[in-house]
Amino acid sequence: MSISSHASESLVQRPVNPLLLDRAFAREGLPDRVNVPETTLFENLELSARRFPDKTAIQFYGSAISYRQLLEDATRLAGYLQQECGVRRGDRVLLFSQNCPQFIAAYFAILRADAVVVPVNAMLLQDELKHIVTDSGAVAGFAAQELVDKLAPLLEQTSLAHIVVHAYGDALADDDSAEQAPEWVRVRASHAHRFAGAHDWQQALNRACQPRAHDARADDLCMLPYTSGTTGKPKACMHTHRSVMTSVAGSQVWRGSHPESVYLAPAPYFHLLGLQNGINSPIYMGGTIVLLPRWDARVALDMIERHRVTCCAALPAMLVDVFSQPDIETRDLSSLTLLAGGGAAMPESTAKLMLERYGLRFVEGYGLTETAAFVLHNPLYRPKSGCLGIPTYGVDARVLDPVTLVEVPRGEVGEIVLHGAQVMLGYWNQPRANEESFLEIDGKRFFRTGDLASIDEDGYFVMRDRLKRMINVSGYKVWPAEVEASLHTHAAIQEACVIAVRDTQRGETVKAVIALKPGHEEIGTSELLAWCREHMAVYKAPRIIELVESLPRSATGKIDWRELQEKELQA
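All figures in this text were calculated on a predicted structure; none of them were measured in a lab.

1. Thoughts on the overall build of the protein chain
Here comes step 1: Counting its secondary structure elements, the protein chain contains 17 helices and 30 strands.
Here comes step 2: Taking 571 residues into account, the globule formula puts the C-alpha radius of gyration at 25 Å, and the protein chain, at 23 Å, falls close to it.
Here comes step 3: Projected onto the principal axes, the alpha-carbon positions of the protein chain cover approximately 70 × 55 × 55 Å.
Here comes step 4: Across the 571 residues in the protein chain, those meeting the buried criterion constitute 59%.
Here comes step 5: Partitioning the intrachain contacts of the protein chain with sequence separation of at least 6 by distance along the chain shows that 68% fall at a separation of at least 24.
Here comes step 6: Summed over all atoms, the accessible surface of the protein chain reaches about 23300 Å², with 48% contributed by carbon and sulfur.
Here comes step 7: Taking the average place of the 57 positive charges on the side chains of the protein chain and the average place of its 70 negative ones, the gap between the two points comes to 3 Å.

Here it is, written out as structure tokens:
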């Protein structure tokens, strides 16, 4: 299935920003442009395996998997998909699993078979899975042993005909005493899944099927990741090898990565933050992946020390968790050179601790599933706290009035719109959503993000909030992210989430749900409300505060503001 890219430039440049001195970039060794390979994502693995066959590609609880072995497994599984499951070029194949080595091998097997990867959130239930299988038209899938029962009924109800089943424990070495895996990871294959259409992972490998020639090209579809969305059912983003590769190649040049980089992979692989930073980027560079199946701050610290991790892309909440560990001061974090991420603001207290005690800056970036993650990023030489960054290679980013679609003056709030080779082709089977999500400016196709931001005096984008999350207080616009950022400056506040509450007089009013830091339990709501009135404009200051032990999180680790908002509306 070949679809022409709407932005198929193989060489993309950093947009000229007169407020950011070009010589500053040159001084730090950051080039103005990057050449994007005209190859497929599978060829990244193939090339790295040729260059570094015996190098460790994956570290998994003491089990080291070489590039040679990873390539061999992916190639055999690709042959199995084609010969035993009937997968053809352009077919969609599900990937339903927690992070594990088998996920990575299956991912590249699907790509080697010239098929399209459909990564699926491991938290989804059967009805949600049915929507994705039906919408994508998936014909086959890979599933972890403990999840396969959710997929099995769909073999008779949908296009899904084959499921290859793996067990995490089978990827562990026989002696993994040095790094103790949790019990649920240790479970080996039970071979209990004997229903029609089920295939055993190891048996599939043992067949040693050889795939047909790799015919995929840069503009072929490679991936259909589903977005959670704010309304309606999830939608799939159509990404090509080129759109994903543009993001991967640009991000690694921007961040100064190299083959000796060691990547901690804490974010789930079904999410683009995890997939791009925990699989595609390290394999592209020929680096090493230190894999976490689920988030655990103490295990993450162990892995950083033991494997000398150099870089980690994570949600701010994960790093707050890490730097809140009671023994953090005894840990050796000297190997770390880069902590990057996005999705939420980094609390000021944690950022200050990281910098003053460990010399580490959190370098924030901005991206979406629709943009293969990497579109705005802070320069490493000059990151600005609380900012999304500046446009990266080949990206034209603007801020428009969401109603008039006219570009707003610098400093004013509007909707971010994006043009670049990493932007998706569109939503799968969603012509109406595509009409609403794209517009043309100066002959270029721009994607409407639905995110509100402003551009500061230095050309950095500053997040305000989601367009649909805005709180309207007596006609005044309040963006929860701005209020949350203010709350995070309070010494007693660990995390905060701001939501809207119905108000008969004001239309809506502001409520803050707050988790306090340990040792600050004596702080009460009255004191916090008074602090808010002192530090924020009257219409922005929360009028209601609820103290909780912890805030709910989505499957990707972000604070789940939708859950809190829905509870409030129901109440």
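Read on, since the account is not over.
2. Things to note about unusual backbone geometry
Here comes step 1: In the Ramachandran plot, A208 falls in the positive-phi region, its phi being about 50° despite a non-glycine side chain.
Here comes step 2: Residue placement: A208 occurs in the loop between α8 (201-206) and β10 (221-223).
Here comes step 3: On the basis of relative accessible area, A208 is assigned to the partly exposed category, the value being 30%.

3. Some words on the packing of aromatic side chains
Here comes step 1: What the rule picks out here adds up to 9 aromatic pairs.
Here comes step 2: Ring plane angle 70° and centroid distance 5.2 Å describe the contact between F60 and Y61, whose orientation is recorded as edge-to-face. Pair check on accessibility: F60 and Y61 agree, each one buried.
Here comes step 3: A centroid spacing of 5.6 Å and a plane angle of 90° characterise the contact between Y168 and W184, whose relative ring orientation is edge-to-face. Within this pair, whereas Y168 is found in the loop between β8 (162-166) and α7 (183-186), its partner W184 is found in helix α7, the two being separated by 16 residues in sequence.
Here comes step 4: According to the relative accessible area criterion, W184 is partly exposed, its value standing at 27%.
Here comes step 5: Ring pairs connect the aromatic residues W254, F374 and Y393, which therefore count as one cluster.
Here comes step 6: Above the plane of the ring of F52 lies K55, whose end atom (NZ or CZ) is 4.9 Å from the centre.

4. Digging into helix α4 (residues 101-112)
Here comes step 1: Over its 12 residues, α4 extends 17 Å from the first C-alpha to the last, a length consistent with the 16 Å expected when each residue adds 1.5 Å.
Here comes step 2: With 12 of its 12 residues buried, α4 lies for the most part within the structure.
Here comes step 3: Looking at α4, one finds that the buried residues are P101, Q102, F103, I104, A105, A106, Y107, F108, A109, I110, L111 and R112.

5. Quick look at the pattern of salt bridges
Here comes step 1: Following the criterion strictly, the structure yields 24 salt bridges and no others.
Here comes step 2: For E38, the salt bridge identified is with R242, shortest N-O distance 3.1 Å. Of this pair, E38 sits in the loop between β2 (33-35) and α2 (41-51) while R242 is found in helix α9 (residues 241-255), placing the two residues 204 residues apart along the sequence.
Here comes step 3: Note on E38: relative accessible area 47%, which makes it partly exposed.

6. Examining the packing of α4 against helix α10 (residues 272-285)
Here comes step 1: Packing of α4 against α10 brings their axes to within 12 Å, and their N-to-C directions diverge by 65°. With respect to α10, the axis of α4 lies roughly perpendicular. The two elements α4 and α10 cross, and the hand of that crossing is right-handed. Taking contact as the criterion, the partners of F103, I104, Y107 and F108 in α4 are, on α10, L275, I279, N280 and I283.
Here comes step 2: Classifying every residue of the contact of α4 with α10 by side-chain character gives 7 nonpolar, 1 polar and no charged.

7. Points about the packing of α2 against α10
Here comes step 1: At a minimum axis separation of 8 Å, α2 and α10 run at an interaxial angle of 40°. Relative to α10, α2 is oriented oblique. When the axes of α2 and α10 are compared, the crossing they make is left-handed. Taking contact as the criterion, the partners of L41, N44, L45, S48 and R51 in α2 are, on α10, N280, I283, Y284 and M285.
Here comes step 2: Classifying every residue of the contact of α2 with α10 gives 5 nonpolar, 3 polar and 1 charged.

8. Quick look at the sheet that holds strand β17 (residues 338-341)
Here comes step 1: Sheet architecture is open: 9 strands sit in the order β4-β3-β15-β14-β16-β17-β18-β19-β20, paired in mixed fashion. Two strands close off the open sheet at either side, each with one partner strand: β4 (63-66) and β20 (390-391).
Here comes step 2: Two strands pair when backbone bridges link them, and strand β14 (residues 262-265) and strand β15 (residues 288-291) are joined in this way by 4 bridges, in the parallel orientation. Bridging across to β15, L264 finds its partner in V290.
Here comes step 3: Its contacts with the sheet place α10 against β14, β15 and β16 (311-313), and it is angled at close to 160° to β14.

9. As for helix α5 (residues 126-136)
Since the α-helix packs 3.6 residues into each turn, any two residues three or four apart lie on the same face.
Here comes step 1: Listed as buried for α5 are L129, H131, I132, V133, D135 and S136.
Here comes step 2: Contact partners of the buried residues in α5: β5 (92-96), β6 (116-120), α6 (148-151), β11 (226-227) and β12 (235-236).
Here comes step 3: A positive backbone phi angle near 70° is found at G137, which sits one or two residues after α5.

10. So, the pairing of β6
Here comes step 1: β6 sits mainly inside the fold: 5 of its 5 residues count as buried.
Here comes step 2: By the alternation rule, side chains of β6 split into V116, V118 and V120 and V117 and P119, which are all buried.
Here comes step 3: Pairing between β5 and β6: 5 bridges, direction parallel. When the bridges of β6 are listed, L95 appears paired with P119.
Here comes step 4: For the handedness criterion, the β-α-β arrangement of β5, α4 and β6 is classed as right-handed.

About the thresholds
Residues numbered from 1 in each chain as written. Predicted model: local features only at pLDDT ≥ 70, side-chain atom pairs only at ≥ 80, totals over all residues. Heavy atoms only, no water. Helix = DSSP H or I, 4+ residues; strand = E, 2+ residues; numbered from the N terminus. Rg over C-alpha atoms; globule rule 2.2 N^0.38 Å. Buried < 20%, exposed > 50% of the residue type's maximum accessible area, 1.4 Å probe, protein only. Contact = heavy atoms within 4.5 Å. Areas by Shrake-Rupley, 256 points an atom, 1.4 Å probe, with all protein chains shown as cover. Lys, Arg positive; Asp, Glu negative; His and termini not counted. Charge placed at Lys NZ, Arg CZ, Asp CG, Glu CD. Phe/Tyr/Trp six-rings, centres within 6.5 Å; stacked < 30°, edge-to-face > 60°. Lys NZ or Arg CZ within 6 Å of the ring centre and 35° of its normal. Expected span 1.5 Å × (residues − 1). Salt bridge = Lys/Arg side-chain N within 4 Å of Asp/Glu carboxyl O. Axes fitted to C-alpha atoms, helices over the stretch in contact; angles between N-to-C directions. Parallel < 35°, antiparallel > 145°, perpendicular 65-115°, else oblique. Left-handed = near helix turned anticlockwise from the far one by under 90°. Nonpolar A, V, L, I, M, F, W, Y, C, P; charged D, E, K, R; others polar. Pairing = 2+ DSSP bridges. Right-handed = clockwise from strand over helix to strand, strands pointing away.

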